[in-house]
Amino acid sequence: MPTGRSNMDRQSEWILLRRVYAFLKSRGLRASAHALEKEARLKYDVRRLYAHFVDGRWRRADQYVSAFMRGKENTPAASGALFVIRLRRLVAALRLGNRFWAYGYHVDRVAPLLIGHPDRAAASAQVQTALRAGAEGELGKAFPDGEENRRACFVEFLGYADENKHLYRCCAPLDLKLLARNSSITVRRHRRRHISRRQVPSQPAASTT
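This structure is a prediction, so every number in the text was calculated from the model and none was measured.

On to the packing of aromatic side chains. All told, the structure shown has six aromatic pairs when counted by the stated rule. Aromatic pair Trp101 and Tyr105: ring centres 4.8 Å apart, planes at 15°, arrangement stacked. Of this pair, Trp101 and Tyr105 both sit in helix H6 (residues 99-116), four residues apart, roughly one helical turn. The exposure class of Trp101 is partly exposed, given its relative accessible area of 40%. A network of ring pairs unites the aromatic residues Tyr50, Phe53, Trp58, Phe154 and Phe157 as a single cluster.

See the structure below:
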């Protein structure tokens, strides 16, 4: 008996939705095409995600990226990309004092990513550092939350997203590379300004005798 649920796999479903989307656009039904694009997550808007990172909207970033990788989180690239966001969301919750929620989120949403993470040891160490710093009130030192740090997180995320077909197929590759380059330049410029402002210790004068 029919169960009311589709047996279509996600790849076939995505192809079908893209064809419907193309048909709507070809007929000039732009409002319907836009509604389908938004509801079915057919277009991966990198610039929108970049804004979430820079503004520290980790919950929205988590939900947005997860919608594109539902059921595919166990690949190394997907685990790495999601971990960048979910670690920051965990830290944000600890910073607000929501320790009970943060521990549950760690168990349900962060820890499973460690299984497929390409650098499991380093990722596990970051999680333990976050939990310990949250308990000791040292998150400001362990995980600075300035705009520069958020941009650096975005660059790290792009390194994984660039290898993930489930994200990459939905966006223009040039957008990813352009944002990665611009973000990296911004971080490097900030660091150069920071270094130039430091007081350089004077060197002892060379002996003339």
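Interaxial distance between helix H3 (residues 46-55) and helix H4 (residues 58-68) falls to 8 Å at its minimum, and their mutual angle equals 150°. By the criterion of interaxial angle, the relationship of H3 to H4 is roughly antiparallel. In this structure, the crossing between H3 and H4 has a hand that is left-handed. When H3 is examined against H4, the residues Arg48, Leu49, His52 and Phe53 are found in contact with a partner set consisting of Trp58, Arg60, Ala61, Tyr64 and Val65. Looking at side-chain class alone, the contact of H3 with H4 contains six nonpolar, one polar and two charged residues.

The biggest cluster of nonpolar side chains holds 41 residues, and the ones touching the most others in it are Tyr44, Leu49, Phe53, Val65, Phe83, Leu87 and Phe157. Listing elements by their share of this core, those giving two or more residues are H3, H4, helix H5 (76-95), H6, helix H7 (120-136) and helix H9 (147-161).

Looking now at the confidence of the model for the chain. Predicted confidence across the chain gives a mean pLDDT of 77, with 69% of residues reaching 70 or more. Of the regions scoring below 50 in pLDDT, residues 1-5 engages in zero contacts with residues more than four places distant in sequence or in other chains.

So, how was this worked out
Each residue is numbered by its place in its chain's sequence as written, counting from 1. Confidence filtering applies because this is a predicted model: local features only for residues at pLDDT of at least 70, side-chain atom pairs given and counted only at 80 or more, and all residues used for totals across whole chains, interfaces and linings. The side-chain figures draw on all heavy atoms in the structure; neither hydrogens nor water molecules are used. Classification of ring pairs uses Phe, Tyr and Trp, with its six-membered ring standing for Trp, and accepts pairs whose centres are within 6.5 Å; under 30 degrees between planes counts as stacked, over 60 as edge-to-face, and the remaining range as tilted. Where helices and strands are cited, they refer to DSSP runs of H or I of at least four residues and of E of at least two residues respectively, numbered from the N terminus. Burial classification: accessible surface area is computed with a 1.4 Å probe over protein chains only, and a residue below 20% of its type maximum counts as buried, one above 50% as exposed, and the rest as partly exposed. Only C-alpha atoms enter the line fits that serve as axes; for helices the fit covers just the stretch in contact. Angles between N-to-C directions range over 0 to 180 degrees. Convention used here: angles under 35 degrees read as roughly parallel, angles over 145 as roughly antiparallel, angles from 65 to 115 as roughly perpendicular, and any remaining angle as oblique. Left-handed describes a crossing in which the near helix is turned anticlockwise from the far one by less than a right angle; the clockwise case is right-handed. Should any heavy atoms of two residues lie within 4.5 Å, those residues are considered in contact. Lys, Arg, Asp and Glu make up the charged group, whereas Ala, Val, Leu, Ile, Met, Phe, Trp, Tyr, Cys and Pro make up the nonpolar group; the residues left over, Gly among them, are polar. In this text, buried Ala, Val, Leu, Ile, Met, Phe, Trp, Tyr and Cys residues form a nonpolar core when linked through side-chain atoms within 4.5 Å. pLDDT measures how confident the predictor is about each residue, on a scale from 0 to 100.

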